[in-house]
Amino acid sequence: MRHSPLLVGLLLVGLLLLTGCRFPPPRIEVPQEPSAELIEHGRYLSENVGICTTCHSQRDWRYYGGPPAEGTAGAGGTSFTELFLFPDEVVINGTNLTPAGPIGDWTDAELARAITGGLRPDGSMIFLMMPINQYRYIAKPDLVAMIAYLRSLHPVENDVPPTELKYQLLKDVGWMFVAPPAMQRKQPGAPGSARRGKYIANLASCRWCHTATDILGFPVPGTDWAGGMGFPVPEPGGGWVFSPNITPDEETGIGRWSREQFIARFRASKPEIIKSVPLPPGGFNSPMAWSAYSGMTDEDLGAIYAFLMKKPKKRSSVPRWVPEAPPRKKNGTYDFDAAEESP
């Protein structure tokens with residue numbers, strides 16, 4: 001007797017929800033006295049690739065890309081409620097990652113499970129604003145370095161309000177993304193290669209943001225890497241911005257960009273450059289953590305470029321900015337033809 005893939009999928013999701021999708025922490029060994037090199041590698045991955053310390057900070061939207069406010073990097077406080085269009089009564093904040101926060105009482109294995117599997121030590125679920133699906137496939141040595149770095153952070157006392165999802169639908173959706181880690185033995189591919197670029201782009205959540213989503217936040221099939229995810233611009237900015245097309249399409253994507261131009265775009269957004277020009281009221285802004293990503297190495301940025309150039313070209317013209325959220329089409333994507341784009 002044959003069953004449809006949809007039915008099987010629904011049954012598996014139901015089983016996971018009923019069982020609470022519990023699984024033990026992975027085996028991981030983090031040196032009690034890690035080397036400076038290990039901590040530095042963890043800092044690079046946490047600050048410039050996975051941008052943990054940006055999402056888990058208080059972002060200063062007075063500057064382009066909302067860099068962490070002074071002294072808040074890693075200490076939690078950013079609210080994802082408005083940025084990702086949740087109802088006002090839903091509370092989702094980046095938690096305090098310093099040793100003074102909750103993870104200070106967790107074992108290394110428990111922290112590894114939280115990052116790569118989405119489970120807290122008490123068995124509760126970490127909501128999908130944490131890119132668990134991407135971190136699930138991290139190389140184990142990279143995870144060891146990240147944990148060593150987080151343990152080295154200066155303790156910052158900052159009581160962040162706990163997550164309150166309020167609605168059962170949100171809870172059910174969150175549990176759909178909780179699953180055991182599938183860590184890799186080492187970083188795949190040679191340095192600078194497209195295969196290494198795929199790995200780095202995954203840790204950096206490029207696909208997640210540069211893919212259109214429907215009204216429930218699920219990726220719209222066929223829009224991977226082609227942009228179209230919308231964000232309201234926090235004050236002092238205004239209006240709406242959309243993730244651009246980063247496929248190699250020559251007309252609407254980055255197909256005409258050279259490797260050097262791709263890297264230069266990131267270098268133009270270093271923290272010292274961004275913070276030298278405060279945004280005016282109503283000014284254009286972006287939710288992309290440019291100041292963090294600008295610290296990636298030429299090798300890793302070049303690898304991402306090599307990977308993106310191998311993706312299928314997709315014609316997808318996305319507006320840079322519109323004053324109000326456009327209506328949505330039947331497939332869930334925004335109807336940009338009905339939006340008024342800025343000059």
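Structure first, text after, so check above.
Here we summarise the structure given alongside this text. Because the structure is a prediction, the values reported are computed rather than measured.

The rules behind these values
- Residues numbered from 1 in each chain as written.
- Predicted model: local features only at pLDDT ≥ 70, side-chain atom pairs only at ≥ 80, totals over all residues.
- Heavy atoms only, no water.
- Salt bridge = Lys/Arg side-chain N within 4 Å of Asp/Glu carboxyl O.
- Buried < 20%, exposed > 50% of the residue type's maximum accessible area, 1.4 Å probe, protein only.
- 1 Å grid on protein atoms, 1.4 Å probe; cavity = no way out; pocket = protein on both sides within 12 Å on 5 of 7 lines; lining within 4 Å.
- Points joined across faces, edges and corners; volume = space filled by probe spheres on them.
- Helix = DSSP H or I, 4+ residues; strand = E, 2+ residues; numbered from the N terminus.
- Nonpolar A, V, L, I, M, F, W, Y, C, P; charged D, E, K, R; others polar.
- Axes fitted to C-alpha atoms, helices over the stretch in contact; angles between N-to-C directions.
- Parallel < 35°, antiparallel > 145°, perpendicular 65-115°, else oblique.
- Left-handed = near helix turned anticlockwise from the far one by under 90°.
- Contact = heavy atoms within 4.5 Å.
- Patch = residues over 30% accessible without salt bridge, like charges linked within 9 Å, V, L, I, M, F, W, Y side chains within 5 Å.
- Areas by Shrake-Rupley, 256 points an atom, 1.4 Å probe, with all protein chains shown as cover.
- Lys, Arg positive; Asp, Glu negative; His and termini not counted.
- Charge placed at Lys NZ, Arg CZ, Asp CG, Glu CD.
- Phe/Tyr/Trp six-rings, centres within 6.5 Å; stacked < 30°, edge-to-face > 60°.
- Lys NZ or Arg CZ within 6 Å of the ring centre and 35° of its normal.
- Polar contact = N/O pair within 3.5 Å; in protein donor to acceptor, adjacent residues only side chain to side chain.
- Expected span 1.5 Å × (residues − 1).

**Describing the pattern of salt bridges**
Now for step 1: For the structure shown, the criterion picks out 10 salt bridges.
Now for step 2: The residue arginine 62 makes a salt bridge to aspartate 60 at a minimum N-O spacing of 2.7 Å.
Now for step 3: Overall, arginine 62 belongs to the partly exposed group, its relative accessible area being 47%.
Now for step 4: On the accessibility criterion, aspartate 60 (13% relative accessible area) is buried.
Now for step 5: Members of the salt-bridge network, linked through shared partners, are Glu40, Arg43 and Glu47.

**Overview of the layout of surface pockets**
Now for step 1: Considered as a void within the structure, the second largest pocket measures approximately 1200 Å³ in volume.
Now for step 2: Those elements that provide at least two residues to the lining of the second largest pocket are helix H5 (132-135), helix H7 (168-175), helix H8 (194-203), helix H9 (206-209) and strand E1 (230-232).
Now for step 3: With 5 residues, H8 is the single largest residue contributor to the lining of the second largest pocket.
Now for step 4: For the lining of the second largest pocket, the class distribution of residues is 31 nonpolar, 9 polar and 7 charged.

**Section: the packing of helix H4 (residues 108-117) against helix H6 (residues 140-152)**
Now for step 1: At a closest axis distance of 11 Å, the pairing of H4 and H6 adopts a crossing angle of 115°. Of the possible angle classes, the one that applies to H4 and H6 is roughly perpendicular. Here H4 and H6 pass one another in a crossing that is right-handed. On H6, the residues touching Asp108, Leu111, Ala112, Ile115 and Thr116 of H4 are Leu143, Ile147, Leu150 and Arg151.

**With respect to a positive patch on the surface**
Now for step 1: Taken together, the side chains of Arg185, Lys186, Arg195 and Lys198 define a basic patch exposed on the protein surface.
Now for step 2: Mapped onto the elements, arginine 185 comes out in the loop between H7 and H8.
Now for step 3: The exposed category is assigned to arginine 185, whose relative accessible area is 68%.

**Considerations on the packing of helix H2 (residues 36-49) against H6**
Now for step 1: Axis separation between H2 and H6 bottoms out at 7 Å; the angle between their running directions is 95°. Considering their axes alone, H2 and H6 lie roughly perpendicular with respect to each other. Residues Leu38, Ile39, His41, Gly42, Arg43, Leu45, Ser46 and Glu47 of H2 pack against Asp142, Val144, Ala145, Met146, Ala148, Tyr149 and Ser152 of H6.
Now for step 2: Here the residues of the contact of H2 with H6 are counted per class, giving 8 nonpolar, 4 polar and 3 charged.

**Structural notes on the packing of aromatic side chains**
When we look at a pair of aromatic rings, we describe it by the centre distance and by the angle of the planes.
Now for step 1: One pass over the structure, following the stated rule, counts 17 aromatic pairs.
Now for step 2: Between the aromatic rings of tyrosine 64 and tryptophan 290, the centroid separation amounts to 6.5 Å while the plane-to-plane angle is 15°, which identifies the pairing as stacked. With tyrosine 64 in the loop between helix H3 (52-55) and H4 and tryptophan 290 in helix H12 (residues 290-293), the pair connects residues that are 226 residues apart, well separated along the chain. For the pair tyrosine 64 and tryptophan 290, one class covers both residues: buried.
Now for step 3: On the numbers, 5.3 Å between centres and 70° between planes, the contact of phenylalanine 242 with tyrosine 334 is edge-to-face. Of this pair, phenylalanine 242 sits in strand E2 (residues 240-242) while tyrosine 334 is found in the segment after strand E3 (321-322), placing the two residues 92 residues apart along the sequence. Comparing phenylalanine 242 with tyrosine 334 shows no difference in burial state: the two are buried.
Now for step 4: Three or more aromatic residues link up through ring pairs in this structure, and these residues are Tyr64, Trp257, Phe262, Phe266, Phe284, Trp290 and Tyr305.
Now for step 5: In this structure, arginine 265 is placed above the aromatic ring of tryptophan 290, and the distance from its NZ or CZ to the ring centre is 3.8 Å.

**Points about the side chain of asparagine 48**
Now for step 1: Within the secondary structure layout, asparagine 48 lies in helix H2.
Now for step 2: Since its relative accessible area comes to 9%, asparagine 48 is described here as buried.
Now for step 3: A polar contact is formed between the side chain of asparagine 48 and the side chain of arginine 43, at a distance of 3.3 Å.
Now for step 4: Looking at asparagine 48, its side chain comes within polar contact range of the main-chain oxygen of alanine 292, at 2.8 Å.
Now for step 5: Beyond its immediate chain neighbours, meaning those up to four positions away, asparagine 48 contacts Arg43, Ala292, Tyr293, Gly295 and Met296.

**Some points on H2**
Now for step 1: Between its first and last C-alpha atoms H2 spans 19 Å; for 14 residues at 1.5 Å apiece the expected length is 20 Å, and the two agree.
Now for step 2: Taken residue by residue, H2 has Leu38, Gly42, Tyr44, Leu45, Ser46, Asn48 and Val49 as its buried positions.
Now for step 3: Immediately beyond the C-terminal end of H2, within one or two residues, lies isoleucine 51, with a positive phi of roughly 45°.

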